[in-house]
Amino acid sequence: MSHYTTLRTKITDESALVQALNDMGFVPEHVECHAEPQHLVGYHGDQRPETAHVIIRRQHVGSASNDLGFVRGEDGSYQAIISEYDQRTGYGSAWLQRLQQRYAYHTTLAHLARQGFALAEERTEAGTVHMILSRRA
Amino acid sequence: MEAPRIEVVISPEGVVTIHVQGVQGLSCVDLTADLVAALGGQVTDQEWTLEAHQTPEPFAYKIWQEKNDA
């Protein structure tokens, strides 16, 4: 029996988002999680109108960077708030896609572990992650 | 019977393909429903191979028929 599902990743789970940010080089102590969204801070130390639930402060991003934020919308999915400057200096769409890939990886492991599945095989080829998870029949 | 096995492929663009094998009938959909929801639920494609409907599983078959009738 066999069943295929294909989907485009949307970030909805805070802990898997934090794990993905850890994979992208941000240590857990530098990733703030807030129940209520907090204001982002710009590179001059100025408070920005934008708010976010998950924040990496600018000093951990780059010397002339602004805070990076992820705000949870009404549908439960997170939207990235990244300044134009930071998008040009390494935090653009390619970075976000890699983050989504790492998010999908951690979400897959966590959810399928709850169903009794464990990682049996993993390989990365040309940037694509292949995982095989198995459990006893 | 074949041991349940799930193959997951994640592209650099964050597109995920989940392939469930060795799970009886349409319960393979239940198995991944939570995961699909946590990944945002934006399913772009879904495909069952013929074998998924071969197992005599009256309850699942009934659901399938009702869906067709609707």
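Structure first, text after, so check above.
Residues numbered from 1 in each chain as written. Chains lettered and ligands numbered in written order. Predicted model: local features only at pLDDT ≥ 70, side-chain atom pairs only at ≥ 80, totals over all residues. Heavy atoms only, no water.

> Quick one: what's the story with the overall build of chain A, residue by residue and with numbers?
What chain A contains, in helices and strands, is 3 helices and 7 strands. Scanning chain A from its N terminus toward the C terminus, one meets helices and strands in the order β-α-β-β-β-β-α-α-β-β. Each principal axis of the C-alpha atoms in chain A carries an extent, and together these give about 60 × 30 × 25 Å. Counting every position in chain A, which comprises 137 residues, the buried fraction comes to 42%. Sequence separation of at least 24 residues holds for 40% of the intrachain contacts in chain A that already meet a minimum separation of 6. Entry remark: accessible area of chain A is about 7,100 Å², with carbon and sulfur atoms responsible for 46%. Here chain A carries 13 positive and 16 negative side-chain charges, and the mean point of each set is 6 Å from the other. (Helix = DSSP H or I, 4+ residues; strand = E, 2+ residues; numbered from the N terminus. Buried < 20%, exposed > 50% of the residue type's maximum accessible area, 1.4 Å probe, protein only. Contact = heavy atoms within 4.5 Å. Areas by Shrake-Rupley, 256 points an atom, 1.4 Å probe, with all protein chains shown as cover. Lys, Arg positive; Asp, Glu negative; His and termini not counted. Charge placed at Lys NZ, Arg CZ, Asp CG, Glu CD.)

> Pulling in residues and values, what's your account of the packing of aromatic side chains?
Residues and elements named next belong to chain A. Under the counting rule described, the total for this entry stands at 2 aromatic pairs over all chains. Between the aromatic rings of Tyr 91 and Trp 95, the centroid separation amounts to 5.1 Å while the plane-to-plane angle is 75°, which identifies the pairing as edge-to-face. Three or more aromatic residues joined by ring pairs form one cluster here, namely Phe 26, Tyr 91 and Trp 95. Arg 102 extends its terminal NZ or CZ atom over the ring of Tyr 105, reaching a point 4.4 Å from the ring centre. (Phe/Tyr/Trp six-rings, centres within 6.5 Å; stacked < 30°, edge-to-face > 60°. Lys NZ or Arg CZ within 6 Å of the ring centre and 35° of its normal.)

> Summarise the sheet that holds strand 4 (residues 68-72) of chain A; cite the residues concerned and give the values.
All names here are of chain A. Taken in spatial order, the 4 strands line up as 2-3-4-5 in an open sheet, and their pairing is antiparallel. Two strands bound the open sheet, and with one partner strand each, they are strand 2 (32-41) and strand 5 (78-81). Mean inter-strand twist for the sheet, computed between neighbouring axes without regard to direction, equals 45°. Relative to strand 3 (residues 47-56), strand 2 is paired through 5 bridges, and the arrangement is antiparallel. Within strand 3, the position partnered with Val 41 by the bridge is Gln 47. Packing against the sheet, helix 1 (residues 14-23) makes contact with strand 2, strand 3, strand 4 and strand 5, and its axis sits at approximately 90° to strand 3. (Pairing = 2+ DSSP bridges. Axes fitted to C-alpha atoms, helices over the stretch in contact; angles between N-to-C directions.)

> Lay out the pairing of strand 1 (residues 5-10) of chain B in plain terms, naming residues and giving numbers.
Of the two faces of strand 1 of chain B, only the one carrying Ile6(B), Val8(B) and Ile10(B) is buried; Arg5(B), Glu7(B) and Val9(B) on the other face are not. One ladder, built from 6 bridges, connects strand 7 (residues 128-134) of chain A with strand 1 of chain B; its direction is antiparallel. The partner of Leu133(A) across the bridge, within strand 1 of chain B, is Ile6(B). The antiparallel hairpin formed by strand 1 of chain B and strand 2 (residues 15-21) of chain B contains 4 residues in its connecting segment, where Gly14(B) sits at a positive phi of about 85°.

> Report on helix 3 (residues 93-114) of chain A, specifying residues and quantitative values.
Residue and element names in this part refer to chain A. Its 22 residues place the ends of helix 3 32 Å apart at the C-alpha level, agreeing with the 32 Å of an ideal helix rising 1.5 Å per residue. Taken as a whole, helix 3 has its buried residues at Trp 95, Leu 99, Gln 101, Tyr 103, Ala 104, Tyr 105, His 106, Thr 107, Thr 108, His 111 and Leu 112. Note on helix 3: the residue one or two positions beyond its end, Gly 116, has a positive phi of about 90°. (Expected span 1.5 Å × (residues − 1).)

> Talk me through the nonpolar core; I want residue IDs and the actual numbers.
In this structure, Leu17(A), Leu21(A), Trp95(A), Leu99(A), Val8(B) and Ile18(B) are the most contacted members of the largest nonpolar core, which totals 39 residues. Within the residue set of this core, elements represented by two or more residues are helix 1, strand 3, strand 4, helix 3 and strand 7 of chain A together with strand 1, strand 2 and helix 1 (27-38) of chain B. Take this core: its biggest share by element is 6 residues, from helix 3 of chain A. (Core = buried A, V, L, I, M, F, W, Y, C linked by side-chain atoms within 4.5 Å.)

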